[in-house]
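Okay, here's what each chain looks like letter by letter:
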Amino acid sequence: MYTDIYTASLPPELLAMAETPVMQRLLRVGMHCGCEYTAYPIYRDAVAPYSRYTHSLGTAAIVWHFTHDLKQSVAGLLHDIATPAFAHTVDFLNGDHLRQESTESRTRAMIASSPELMALLVQSSLTLDDVDDYHRYPIADNDSPRLSADRLEYTLGNAHLIFHCPKAELKRIFDDLFVDKNEDGEDELCFKHAETADAFTQLSLRQSKLFVSDDDRFSMQALADLLREAQRRGVLTADDLYLDEPHVISLLLSDPVIAAHWQEYRCIVGTQSGPNPPEDVYAVRIAAKKRSIDPLVQAENGLRRFTAISTDYAARLCTFRADDFDRWVWARFE
């Protein structure tokens, strides 16, 4: 697994927490918000499935590598513990698609509801307050477009599993990182060399474009509407979404109408777009949260954001941010 580039070993206390049922559920919750169930070639040709569990353990490993602080590392491990089936698609369902934060609301309750996890916290001399909000630890998480363990992990994970970037290249990028103080005096992951930052930002911008592509935006809204209809028909409840994805899919398949919609969703191979949708075709015009990274890089005159060093990256990032999504998008099928 590519995640072994992050650290040689993890503390046994953290590994024990990763084995709890509430964390193991994330093995069956994907990173791509249900888009991986379509027939899009990019997901069909993936190296391997990418789960929220892999991402969570990888985030914890990165935090441990740079801090050797158990409290911060456990907060990194648990940051996605409340991710529902199909992840941020549920933010689209909740009308929070531009912030994509509504699915974080159950984090503290999910941790507290696990007797196994709570017992392990006590054994490790940690409290619920120590680990229920990774936002308080800037190496684990910080405001975009800064670089944090969370953003670093899913960028490298997608680079390898989706974009087929060799593991050796991931390690080269990871080994170039160090911790220093940013403009606000907070710890942040930084690159030693601009050349490495350039390789990383090429991967991160490719990922950013994927996350808000017509294909992904359409699929997330279409799946959100399918889940809404399933709730309306009594096929599943909001709480059911906090089971794993195989359980939720089995509920969808239990209703013939919803099952037909699900099978149609799985046959989508891409999208088309235009100023007006075709008649009698399901189409959406929807924006999405734009995720981007502008890392700090060691330069002759101190740390600088990569956009201040690379005019090319600054221009490409500006173009990416300028897309207003003002178009209708509809599905293509095989």
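None of the values given here were measured: they were computed from a predicted structure.

A. Structural detail: the sheet that holds strand 6 (residues 302-305). Strand order in the open sheet formed by 4 strands is 1-2-5-6, and the pairing between neighbours is mixed. Looking along the sheet, the strands with just one partner apiece sit at the ends: strand 1 (177-181) and strand 6. The mean angle between the axes of side-by-side strands here comes to 50°, regardless of whether they run parallel or antiparallel. Looking at chain direction, strand 5 (residues 296-299) and strand 6 are connected through 4 bridges and run antiparallel. For Val297, the partnering residue across the bridge sits in strand 6 and is Arg304.

B. Examining the sheet that holds strand 4 (residues 283-284) more closely. Strand order in this open sheet of 3 strands is 3-7-4, and the pairing throughout is antiparallel. Every interior strand has two partners, whereas the edge strands, strand 3 (268-274) and strand 4, have only one. Here 2 bridges tie strand 4 to strand 7 (residues 328-333), and the two strands are oriented antiparallel to one another. From the neighbouring strand, Ala283 faces strand 7, where its bridge partner is Trp330.

C. Structural detail: the pattern of salt bridges. Across all of its chains, the model carries 23 salt bridges by this definition. Note that Asp244 is salt-bridged to Arg28, the shortest N-O span being 2.5 Å. Within this pair, whereas Asp244 is found in the loop between helix 13 (214-232) and helix 14 (245-253), its partner Arg28 is found in the loop between helix 2 (21-24) and helix 3 (41-44), the two being separated by 216 residues in sequence. The exposure class of Asp244 is buried, given its relative accessible area of 5%. Through salt bridges with shared partners, a single network forms among Arg108, Asp129, Asp132 and Arg136.

D. Here's a closer look at unusual backbone geometry. Looking along the chain, the bond that leaves Ser144 and enters Pro145 is cis, with omega of 15°. Mapped onto the elements of the fold, Pro145 is located in the loop between helix 9 (128-131) and helix 10 (149-161). One non-glycine residue with positive phi stands out, namely Cys33, at about 60°. Within the secondary structure layout, Cys33 lies in the loop between helix 2 and helix 3. The phi dihedral of Asp280 is positive, around 60°, even though this residue is not glycine.

E. Fine view of empty space enclosed by the protein. For the coordinates displayed, the defined rule picks out 1 cavity of 30 Å³ or more. Computed from the structure, the largest cavity encloses a volume of approximately 30 Å³. Going through the elements one at a time, helix 10 and helix 12 (194-211) are the ones with two or more residues in the lining of the largest cavity. In the lining of the largest cavity, the residues fall into 2 nonpolar, 4 polar and 2 charged.

F. Spotlight on the packing of aromatic side chains. Using the criterion set out here, one finds 13 aromatic pairs in the structure. Between the aromatic rings of Tyr2 and Tyr50, the centroid separation amounts to 6.4 Å while the plane-to-plane angle is 80°, which identifies the pairing as edge-to-face. Remark: Tyr50 occurs in the loop between helix 3 and helix 4 (52-67) and Tyr2 occurs in the segment before helix 1 (12-18); sequence separation between them is 48 residues. The exposure classification of Tyr2 matches that of Tyr50, with both residues buried. Seen in terms of ring centroids, Trp262 and Tyr265 are 5.6 Å apart; in terms of plane orientation they differ by 20°. Their pairing is stacked. Of this pair, Trp262 and Tyr265 both sit in helix 15 (residues 256-266), 3 residues apart, which is roughly one turn of the helix. Each member of the pair, Trp262 together with Tyr265, is buried.

Calculation rules
- Residues numbered from 1 in each chain as written.
- Predicted model: local features only at pLDDT ≥ 70, side-chain atom pairs only at ≥ 80, totals over all residues.
- Heavy atoms only, no water.
- Pairing = 2+ DSSP bridges.
- Helix = DSSP H or I, 4+ residues; strand = E, 2+ residues; numbered from the N terminus.
- Axes fitted to C-alpha atoms, helices over the stretch in contact; angles between N-to-C directions.
- Salt bridge = Lys/Arg side-chain N within 4 Å of Asp/Glu carboxyl O.
- Buried < 20%, exposed > 50% of the residue type's maximum accessible area, 1.4 Å probe, protein only.
- 1 Å grid on protein atoms, 1.4 Å probe; cavity = no way out; pocket = protein on both sides within 12 Å on 5 of 7 lines; lining within 4 Å.
- Points joined across faces, edges and corners; volume = space filled by probe spheres on them.
- Nonpolar A, V, L, I, M, F, W, Y, C, P; charged D, E, K, R; others polar.
- Phe/Tyr/Trp six-rings, centres within 6.5 Å; stacked < 30°, edge-to-face > 60°.

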